[in-house]
Amino acid sequence: MAKKIAGVLKLQIPAGAANPSPPVGPALGQRGINIMEFCKAFNEKTKDKAGFSIPVEITYYSDKSFTFLVKQPPMTDLIKKISGVKKGSDNALKNKIGKLTKDQVMEIVDMKIKDLNTDDKEQAAKIVAGSARSMGIEVEI
């Protein structure tokens, strides 16, 4: 018989750096999730993505067990890393702060496509380009 789902919790945690301190510890503790067990499993699964803040979806059950799904880093983090900018523009329409080539856009698409709402790489490239433009980054497509 399937376990009864008690709830779903969504957090963003730095890759490989989950620890029992706030905000992770209290969020898990009040739901009865074993904090150290989660931290060890999360850190092991995300150690290769250091430097990113990783979205994680934790499904916890009435018997105090849990499962979690690690997603890809946020699109803006990937765009900043690949384009080499520190932060987005203060005025995206007037102040352009960087450029992305078609190859760089496709590299982001390859990393992020399973989290997007499309399977078509060309449509995914348009999603990435739109996010980049809203940050003040020019896109060559």
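Position labels on residues start from 1 in each chain and follow its written sequence. Only residues with pLDDT of at least 70 get local features here, since the model is predicted, and only at 80 or more are side-chain atom pairs given and counted; chain-wide, interface and lining totals rely on the full set of residues. Each side-chain value is derived from all of the structure's non-hydrogen atoms; neither hydrogens nor water enter the calculation.

Draft legend 1. Local environment of the packing of helix 4 (residues 102-112) against helix 5 (residues 121-134). Note on definitions: angles span 0 to 180 degrees between N-to-C directions of axes, and those axes are lines fitted to C-alpha atoms, for helices only across the stretch in contact. Secondary structure elements follow DSSP: runs of H or I no shorter than four residues count as helices, runs of E no shorter than two count as strands, and numbering proceeds from the N terminus. Where helix 4 meets helix 5, the axes come as close as 9 Å, and the angle between the chain directions of the two elements is 105°. Relative to helix 5, the element helix 4 is oriented roughly perpendicular. For the pair helix 4 and helix 5, contact is made by Lys 102, Val 105, Met 106, Ile 108, Val 109 and Asp 110 and by Lys 121, Glu 122, Ala 124, Ala 125 and Val 128, respectively. Working definition: roughly parallel below 35 degrees, roughly antiparallel above 145 degrees, roughly perpendicular at 65 to 115 degrees, and oblique for all remaining angles. Throughout, a contact is declared for two residues whenever any of their heavy atoms are within 4.5 Å.

Draft legend 2. Quick look at the UniProt feature "domain: Large ribosomal subunit protein uL11 C-terminal" (unreviewed entry) in the protein. UniProt positions are given in the numbering used here, feature names are shortened, and annotations may be inferred rather than shown by experiment. Taken from the UniProt record, the annotation "domain: Large ribosomal subunit protein uL11 C-terminal" (unreviewed entry) applies to residues 71-139. Summarising residues 71-139: 49% helix, 9% strand, and an end-to-end C-alpha distance of 25 Å.

Draft legend 3. Summary view of the side chain of Ser 65. One can find Ser 65 in the loop between strand 2 (53-61) and strand 3 (66-70). Here a polar contact is taken to be a pair of N or O atoms separated by no more than 3.5 Å, where protein atoms must pair a possible hydrogen donor with a possible acceptor and residues adjacent in sequence count only if both atoms sit in side chains. For Ser 65, the side chain forms a polar contact with the side chain of Lys 3, separated by 3.2 Å. The contacts of Ser 65, once residues within four sequence positions are left out, are Lys 3, Thr 59 and Tyr 60.

Draft legend 4. Structural context of the pattern of salt bridges. Here, a salt bridge means any side-chain nitrogen of Lys or Arg that lies within 4 Å of a carboxyl oxygen of Asp or Glu. Scanning the model with the defined rule gives eight salt bridges in all. The closest approach of N and O atoms between Glu 140 and Lys 99, which form a salt bridge, is 3.6 Å. A residue pair is termed long-range when its members are at least 10 positions apart, and Glu 140 in the segment after strand 5 (137-139) and Lys 99 in strand 4 (residues 98-100) qualify at 41 residues. Across the salt bridge formed by Asp 115 and Lys 112, the nearest N and O atoms sit 3.7 Å from each other. The class for Asp 115 is partly exposed, based on a relative accessible area of 32%. The exposure class of Lys 112 is buried, given its relative accessible area of 9%. Three or more residues are tied together by salt bridges with common partners; here these are Lys 10, Glu 57 and Lys 71. Relative accessibility decides the category of a residue: with a 1.4 Å probe and only protein chains considered, values under 20% of the type maximum give buried, values over 50% give exposed, and everything between is partly exposed.

Draft legend 5. Representation of helix 5 within the structure. Between its terminal C-alpha atoms helix 5 stretches 20 Å, which fits the 20 Å expected from 14 residues at 1.5 Å a residue. What helix 5 keeps buried is the set Ala 124, Ala 125, Val 128, Ala 129 and Ala 132. An end-on view of helix 5 places all buried positions within 140° of arc, on one side of the element. Summarising the geometry of helix 5, the exposed residues directed more than 90 degrees from the buried face are Lys 126 and Ser 134. Downstream of helix 5 by a residue or two, Gly 136 has a phi angle that is positive, lying close to 90°. Given the number of residues in a helix, its expected span is that number minus one, multiplied by 1.5 Å. It is the directions from the helix axis to the C-beta atoms that the arc portrays.

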